[in-house]
Amino acid sequence: MSSLLPAAPKFRLSKPDWLDSPKVLRTEVLAGLVVALALIPEAISFSIIVGVDPAVGLFASFTMAVVISIVGGRKAMISAATGAVALVIAPLYREHGFGYLVAAVILAGVFQVTLGALGVAKLMRFVPRSVMVGFVNALAILIFMAQVPELHDVPWAVYPLVAGGLTLMVFFPKVTKVVPAPLVSIIILTVITVAAGIAVPTVGDKGELPSSLPVPGLPDVPFAMDTLTTIAPYALAMALVGLMESLMTAKLVDDITDTHSNKTRESIGQGIANIVTGFFGGMGGCAMIGQTMINVRVSGARTRLSTFLAGSFLMVLCVVFGPVVSDIPMAALVAVMVMVSFATFDWHSVHPATLKRMPLGETVVMTVTVIVVVATDNLAIGVVVGSLTAMVIFAKRVAHLAEVSGVVDPDGTQVVYAVTGELFFASSNDLVYQFNYKDDPDDVVIDLSDAHIWDASSVAALDAIETKYAQRGKKVSIIGLNKPSANMHERLAGQLTGGH
């Protein structure tokens, strides 16, 4: 007997695509290095949000990136410690301590593996394009807004450094694209600030970098039902937020690279990565959209190697080159992220000509998604609210698509009503009021040859029509039902309100 569950993703061994040419290999290596540099201050910042040691966020970014590069379903996507996960897990840490946080990360991974196996990734088909555009634009705004604190109440030298970094990233690709412009910008600005002794905020100011690799271990919690009931709500919330952000990011990378990814494998892979991260004492994470854009859009990476190296380089930079990395000015990384935000924003979507052609409902959905994401600082909430808004607008739009036209026989003994359209809870509400119960002849025929019954609401509406005619001593015949509609009508007619 065939299973109702989707087939488990297949992990095939094949020749790595980064071995195809030296150019691809170089691109992947350099992209991984740029992403690793950008990950360090982000991971430290997210650790601060939770309240844990900076090493916890850095370890999470290392294990998430390395594991997902092997088991994930979307090539070149970066997974690491993220702000969304940090916000979800922070209250648990404050109330119960580090052991409970780690246990929740592991349980969240189990939830994600389970949801992935159950086919939760297929729900992505219900996310409209307007929500996706809003998601991308909100993401760009959040990336930009996250850089604003780094430009507030800082030495004046920060501003020319940021401007110089942006200038380098705009014009250096015109000279050569062999080396990613963000990497060049980071190196040059670091050399300038160190050589000239310019006092500006650096990566080292964010927190102390770890000096050793993480080691695996079990969470320090009582293995009891009380522990499970305590961590389960946080773990489920983390699992859902992480999956939504990861699947939305995977879809975004699909569009950018014109390639398809295995969303089910990605969902399960996120779970595996979080389980491993939890056992290594990390704070968990999911797909990191800003760093993914650096990797894919800015640096041109397309393979798993860049993701693997991003995590690997991250640990090497922290453990081996910690003092050097600590001297990188935050201005250099701010410039990179500002460039990413401008490259990510879908400027075509807000062009006056586009807005003029776009249906008003689509623009409303995009705007609602952006506003909710920016207001809540949570991409997952914005996607849910945007999708619900799109559904409401769609339901309202199709609510009146069912049309009824009646023709009375010349002898006046019969009237035939032709119903056209899709009958469901929204459209069937008006159906009852489109018949002339008082003046119609005694023989009424309702022809549904060009209609389809989708739900019980439509059957209830037909029951109500028959009841209204029966109260006036008139007979109703329903004809032309297609097989699915006939089956539903036969099964439910007269049963929804206890009969006529």
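Cut-offs applied
Residues numbered from 1 in each chain as written. Predicted model: local features only at pLDDT ≥ 70, side-chain atom pairs only at ≥ 80, totals over all residues. Heavy atoms only, no water. Axes fitted to C-alpha atoms, helices over the stretch in contact; angles between N-to-C directions. Helix = DSSP H or I, 4+ residues; strand = E, 2+ residues; numbered from the N terminus. Parallel < 35°, antiparallel > 145°, perpendicular 65-115°, else oblique. Left-handed = near helix turned anticlockwise from the far one by under 90°. Contact = heavy atoms within 4.5 Å. 1 Å grid on protein atoms, 1.4 Å probe; cavity = no way out; pocket = protein on both sides within 12 Å on 5 of 7 lines; lining within 4 Å. Points joined across faces, edges and corners; volume = space filled by probe spheres on them. Nonpolar A, V, L, I, M, F, W, Y, C, P; charged D, E, K, R; others polar. Phe/Tyr/Trp six-rings, centres within 6.5 Å; stacked < 30°, edge-to-face > 60°. Buried < 20%, exposed > 50% of the residue type's maximum accessible area, 1.4 Å probe, protein only. Patch = residues over 30% accessible without salt bridge, like charges linked within 9 Å, V, L, I, M, F, W, Y side chains within 5 Å. Areas by Shrake-Rupley, 256 points an atom, 1.4 Å probe, with all protein chains shown as cover. Salt bridge = Lys/Arg side-chain N within 4 Å of Asp/Glu carboxyl O. Pairing = 2+ DSSP bridges. Core = buried A, V, L, I, M, F, W, Y, C linked by side-chain atoms within 4.5 Å.

Engineer: Would you mind showing me how to read the packing of helix H8 (residues 225-257) against helix H9 (residues 263-279) here?
Structural biologist: Working note: a packed helix pair is described by the angle between its axes plus the distance between those axes. Viewed as axis vectors pointing N to C, H8 and H9 meet at an angle of 135 degrees, and their least axial separation amounts to 10 Å. When the axes of H8 and H9 are compared, the pair comes out oblique. Classified by chirality, the crossing of H9 by H8 is right-handed. Residues Met-238, Leu-243, Ser-246, Leu-247, Ala-250, Lys-251 and Asp-254 of H8 lie in contact with H9, whose contacting residues are Lys-263, Ser-267, Gln-270 and Asn-274.

Engineer: What's the story with the layout of surface pockets in this structure? I'm lost.
Structural biologist: If you roll a probe as big as a water molecule over the atoms, it shows you where there is empty space left. By volume, the largest pocket is sized at about 830 Å³. Forming the boundary of the largest pocket are 33 residues, of which Glu-42, Phe-46, Gly-83, Leu-142 and Ala-146 lie nearest the centre. Put simply, the parts of the chain that give the lining of the largest pocket at least two residues each are helix H1 (22-50), helix H3 (83-96), helix H5 (129-147), helix H10 (289-298) and helix H13 (330-344). When the residues that make up the lining of the largest pocket are grouped by side-chain class, the tally is 21 nonpolar, 7 polar and 5 charged.

Engineer: Help me understand the packing of aromatic side chains, please; the structure alone is not making it clear to me.
Structural biologist: Between two aromatic rings, the relevant description is the distance of the centres plus the angle of the planes. Going through the model one piece at a time under the given rule, you end up with 8 aromatic pairs. Their ring planes at 85 degrees and their centres at 6.3 Å tell us that Phe-144 and Phe-342 sit as a pair that is edge-to-face. Placement of the pair is Phe-144 in helix H5 and Phe-342 in helix H13, with a sequence separation of 198 residues. Exposure remark for Phe-144: the relative accessible area of 37% places this residue in the partly exposed category. The exposure class of Phe-342 is partly exposed, given its relative accessible area of 43%. Three or more aromatic residues joined by ring pairs form one cluster here, namely Phe-144, Phe-342, Phe-345 and Trp-347.

Engineer: How do you make sense of a nonpolar patch on the surface when you look at a structure like this?
Structural biologist: On the surface, Phe-144, Met-145, Val-148, Phe-342, Trp-347, Val-350 and Leu-355 cluster together into a nonpolar patch covering about 620 Å² of accessible area. Looking at the element boundaries, Met-145 is found in helix H5. The class for Met-145 is partly exposed, based on a relative accessible area of 41%.

Engineer: Just checking my understanding: could you explain the pairing of strand E3 (residues 403-408) for this structure?
Structural biologist: Regular strands have side chains that alternate between both faces of the sheet. Summarising the sheet, E3 and strand E4 (residues 414-423) pair through 6 bridges and their orientation is antiparallel. Pairing of Val-407 across the sheet is with Val-416, part of E4. Between E3 and E4, which follow one another and run antiparallel, lie 5 residues, and Gly-412 among them has a positive phi close to 75 degrees.

Engineer: Teacher, can you tell me more about the nonpolar core here?
Structural biologist: The biggest cluster of nonpolar side chains holds 104 residues, and the ones touching the most others in it are Ile-40, Leu-58, Leu-101, Phe-135, Met-283, Ile-294 and Leu-314. The greatest single-element share of this core, amounting to 12 residues, is contributed by H1. Judged by nonpolar contacts, the second largest core, of 23 residues, contains Val-432, Phe-435, Ile-446 and Leu-462.

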